[in-house]
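Letter by letter, the chains look like this.
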Amino acid sequence: MFWGPVKDRDEQTPMSVRFRLVALICGLLAIFASSGVVLGYLIERNQTEQTLLREQYRRFEIIQALQEAVAQYRHFGGQLSEAILVNDTAKESEFLQARQMARKGVDAQLLRLGSFDSKSREVIVAALDTVENDSQQGLQMLVAGKQAEAVPFVNEVQRRFSLVETTLAEVSTREHALTESVFQEARARAALAIRLAAAIIVAAVLAGVFLVLMVVRSIVRPLRITTEAIRQVNAGQLEIDLPPVSADEFGEVALALRQFRDGAEKLRRLAYQDPLTGLGNRASLERSLESSLELRRSRELPVVLLYFDLDQFRLVNDRFGYKAGDQYLCEAANRLRRFIPPDSELFRYGGDKFIALILPDGDEPSDEGRLRRSADTILRGLSEPYLLGSRLLNMSVSIGIAVPPEDGETAESLIGSAEAAGYAAKTSGRNNARFAGGMLSGQLRRQMVLAGDIRRALEQKEFELFYQPIVDVRLRCVAGAEALVRWRHPERGLLFPDAFVPAAEEAGLIVAIGERCLWAAHTQLRRWRTQGLDLRVAVNLSGRQMQDAKVLQPLAQLWREDAAAAAMMDLELTESVLFEPSDSTRHTLDEIKRLGYRIGMDDFGTGYSSFSFLRWLPLDKIKIDRQFVEDMAGSRQSAAIISAMIALAGRLDLEVVAEGVETPQQMNLLLNQGCTLQQGFLFSPALPAEEFERWVAAYTAGRQPHVFGDEAGPFSSR
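Calculation rules
Residues numbered from 1 in each chain as written. Predicted model: local features only at pLDDT ≥ 70, side-chain atom pairs only at ≥ 80, totals over all residues. Heavy atoms only, no water. Helix = DSSP H or I, 4+ residues; strand = E, 2+ residues; numbered from the N terminus. Buried < 20%, exposed > 50% of the residue type's maximum accessible area, 1.4 Å probe, protein only. Contact = heavy atoms within 4.5 Å. Areas by Shrake-Rupley, 256 points an atom, 1.4 Å probe, with all protein chains shown as cover. Core = buried A, V, L, I, M, F, W, Y, C linked by side-chain atoms within 4.5 Å. Phe/Tyr/Trp six-rings, centres within 6.5 Å; stacked < 30°, edge-to-face > 60°. Lys NZ or Arg CZ within 6 Å of the ring centre and 35° of its normal. Axes fitted to C-alpha atoms, helices over the stretch in contact; angles between N-to-C directions. Nonpolar A, V, L, I, M, F, W, Y, C, P; charged D, E, K, R; others polar. Pairing = 2+ DSSP bridges. Patch = residues over 30% accessible without salt bridge, like charges linked within 9 Å, V, L, I, M, F, W, Y side chains within 5 Å. Salt bridge = Lys/Arg side-chain N within 4 Å of Asp/Glu carboxyl O. Expected span 1.5 Å × (residues − 1).

**Student:** So what's going on with the overall build of the protein? Which residues, and what values?
**Tutor:** If you tally the helices and strands in the protein, you get 23 helices and 16 strands. Within the protein, the fraction of its 718 residues that count as buried is 45%. Within the protein, residue pairs in contact and separated by at least 24 positions form 69% of the contacts whose partners lie at least 6 positions apart. Counting every atom, the protein has about 37000 Å² of accessible surface; 54% of that belongs to carbon and sulfur.

Below is the structure:
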């Protein structure tokens, strides 16, 4: 694949990108630091000027306060003189006190004035002291009636007050001039500071820009090339321009891109291709189908979807292991490629399901007869036996056919219709083809709804165990029970396994139900042990639980929880689970035995190799299937088979239980042949735990109830 030319390595760059960035940051910090020092100095100068201005404001305040204090002193002095002249003693005392207070205010302000103008303070103090003496002498002359002699003193008082006012006016004028000078200097320095700050900022910006340009210029170009290469990779382009390999970090990125480029095609294949079969995967199918449907709408081209669901593939996985299952899938994919129409594209939809997209020329493929003939060809081609190692397996497939627009206008709806048709073909006997339709889609939806109800039932704990007694008819005592699962549906009432187990298996929920049964049986055994009721309880294991030894973890946890209760549990497996057993199955059974559980085989005798199982499986008991028990009264062959089973089990030290005992005749025939452990309707159907306890008490007391109902294993319809 062409990925674009690989350019030669650039000359060695003296500085790495990291070093250049550090140098840039240090340079900018130095510029900002120097600018900060200058600006700090300007700020400090501005604060000094503000302090000077505040001082000038304080002086104006002192001058004004002193002027007001002198005016009050002069006013109260005049009021005191009038009171003395009219000989008003009360007023005289009042105004004398007021004048003294005013003089104290004048002295306080003079003290503040002396902090910045001591000379003017001395002039004002001397003038006011003279005013005191002259005022007293003038008043004495006026009281004595010597007006002419009092005039010089009065004039002197007026002159002294004028001197005070003149002095204060001069002080105010000087301070105004000083303030104006400070303002002028402040404005001049502010203008200088603005120009200097502007110059510093401009210089810093220019220096920073220059420094940034120098560094960025050495980074941006390789960064742009690298970014463009990454964008091309993300866009899924096949031809990309790789950046040059240099001695800096961009060179490392370039090398990483080259490594990424080498794996890009592999990732692309993984995204749209199934790694096992080499077919397109679900994402590839949806992309191709959307494109085909768009072409059909624009050009009216026919489109057909064939949905293939391999029959009983899960059994192949369970019995022979995943590697054999993978070989089986690859063989199925090869056969489908060979037998589907030549104008088709095959995809692996998931698991054991494949989909073929047919895009023919003309209208022939939408003809039902032609499609059915194509489906028959595929069915015949896949039905040829397949040699897996030393085993010869039969292969078959269920086919669903969907054609737009009747079965859907979108990729999702069309695939759903084909899937519903494939499900209908599988449930109607397998190894056949069905056309899609609204009814089939409805069946699939009902199955999905049922699967959702099962999930909800697991969360709400709606599954419970019923117990069918296993009786020792020789000793006339209850030897144990078989735990049978029931679903107490909130709307549909009590449901038996055949109403929900197939949907649970299809939805992959059977393992959760089986584990719930194990825990429920274990809890019930613990409760019965506390009540003094020592009974063994048999619990069936499904094939999915045995797969990959998934059952070992909960079994080990149950044993740790209460080993005594776990030891009373018998784990039963059907022959269908153990058919053509693999080494992994044997290993799982050995581990179950090592934990301390007993293992039994349910429905013994119904398979083709039951006796061979006894040779290698670590079994503790077998259960004779009900069909032999039903026929033994009228069939010598069934009676002989049962007799042989019981004899063989006795020689192998295996416990034997006969199920499906419905009549006293069957009970007696089995007892005469040596089978003492029996279960069936003759004794009791499956009962809830509390009713089972009452039945055990009644049977033990000699009042045997013969109740006819149903019996079932937890994963069967019984």
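**Student:** So, the nonpolar core: which residues are in play, and what are the values?
**Tutor:** Counting 78 residues, the largest nonpolar core has Ile 454 and Ile 592 as the members making the most contacts within it. If one sorts the elements of this core by residue count, helix α13 (residues 510-530) sits on top with seven residues. When near neighbours in sequence (up to four residues on either side) are disregarded, Ile 454 contacts Phe 463, Trp 487, Phe 500, Ala 503, Ala 504, Leu 509 and Ile 513.

**Student:** An account of the packing of aromatic side chains is requested, with residue identities and associated values reported.
**Tutor:** For any pair of aromatic rings, the description rests on two quantities: the centre-to-centre distance and the angle between the ring planes. Enumeration over the complete set of coordinates arrives at eleven aromatic pairs. The interplanar angle of 65 degrees and the centroid separation of 6.1 Å between the aromatic rings of Tyr 328 and Tyr 386 together place this pair among those described as edge-to-face. Placement of Tyr 328 in helix α8 (residues 322-339) and of Tyr 386 in strand β4 (residues 386-388) is noted, with a sequence separation of 58 residues between them. The pair Tyr 328 / Tyr 386 is uniform in exposure class, with both members buried. For Arg 282, the ring lying beneath its charged end belongs to Tyr 349, and the centroid distance is 4.2 Å. The ring of Tyr 272 carries the charged tip of Arg 287 above its face, separated from the ring centre by 3.9 Å.

**Student:** Report on the packing of helix α7 (residues 313-320) against α8, specifying residues and quantitative values.
**Tutor:** Running from N to C, α7 and α8 point in directions that differ by 145 degrees, and their axes come no closer than 7 Å. Residue-level inspection shows Phe 313, Val 316, Asn 317 and Phe 320 of α7 in contact with α8, the latter providing Tyr 322, Ala 324, Gly 325, Tyr 328 and Leu 329. Taken together, the residues of the contact of α7 with α8 break down into seven nonpolar, two polar and no charged.

**Student:** Can you tell me about the sheet that holds strand β1 (residues 304-310), naming the residues and giving the values?
**Tutor:** Pairing within the open sheet is mixed, and its five strands lie in the order β2-β3-β1-β6-β7. Lying at the two open borders of the sheet, with one neighbouring strand each, are β2 (344-350) and β7 (433-435). For this sheet, the mean angle separating the axes of adjacent strands, direction not counted, is 20 degrees. The pairing of β2 with strand β3 (residues 353-358) spans six bridges and is antiparallel. Note on β3: the bridge partner recorded for Phe 347 is Ile 355. Strands β1, β2 and β3 of the sheet are contacted by helix α6 (residues 282-299), whose axis makes an angle of about 135 degrees with β2.

**Student:** An account of unusual backbone geometry is needed here, citing residue identities and associated values.
**Tutor:** Despite not being glycine, Gln 312 shows a phi value in the positive range, around 55 degrees. Looking at where Gln 312 falls in the secondary structure, it is placed in the loop between β1 and α7. Judged by its relative accessible area of 46%, Gln 312 is partly exposed. The backbone of Lys 461 sits at a positive phi, close to 60 degrees, despite the residue not being glycine. By relative accessible area, Lys 461 is classed as exposed at 67%.

**Student:** Which residues make up a nonpolar patch on the surface, and what values go with them?
**Tutor:** Residues Ile 201, Val 205, Val 209 and Leu 213 make up a contiguous nonpolar surface patch of roughly 360 Å² in combined accessible area. Checked against the element boundaries, Val 209 lands in helix α4 (residues 147-234).

**Student:** With reference to specific residues and values, describe α8.
**Tutor:** Taking 1.5 Å as the rise per residue, α8 with 18 residues should run 26 Å; its terminal C-alpha atoms sit 26 Å apart, in good agreement. Among all positions of α8, only Ala 324, Gly 325, Tyr 328, Leu 329, Ala 332, Ala 333, Arg 335 and Leu 336 are buried.

**Student:** Now, about the pattern of salt bridges: what can you tell me, with residues and values included?
**Tutor:** Within this structure, the stated rule accounts for 25 salt bridges. When the shortest N-O distance is used, the salt bridge between Glu 591 and Arg 594 registers 3.0 Å. Here the residue Glu 591 and the residue Arg 594 both occupy positions in helix α18 (residues 583-595), the gap between them amounting to three residues, near one helical turn. In this structure, Glu 630 engages Arg 626 in a salt bridge whose closest nitrogen and oxygen atoms are separated by 3.5 Å. Of this pair, Glu 630 and Arg 626 both sit in helix α20 (residues 626-631), separated by four residues, roughly a single helical turn. Look at the salt bridges and you will find they share partners, linking Glu 482, Arg 536, Asp 570, Glu 572, Arg 598, Lys 621, Lys 623, Glu 655 and Glu 659 into a network.

**Student:** Now, about the pairing of β3: what can you tell me, with residues and values included?
**Tutor:** The element β3 is largely enclosed, with a buried count of six among its six residues. Of the two faces of β3, the one carrying Lys 353, Ile 355 and Leu 357 and the one carrying Phe 354, Ala 356 and Ile 358 are both buried. For β1 and β3, the ladder comprises six bridges, and the chain directions are antiparallel. Within β3, the residue paired with Asp 309 across the bridge is Lys 353. In this structure, the hairpin formed by β2 and β3 is closed by a connection of two residues, where Gly 351 is found at a positive phi of approximately 60 degrees.

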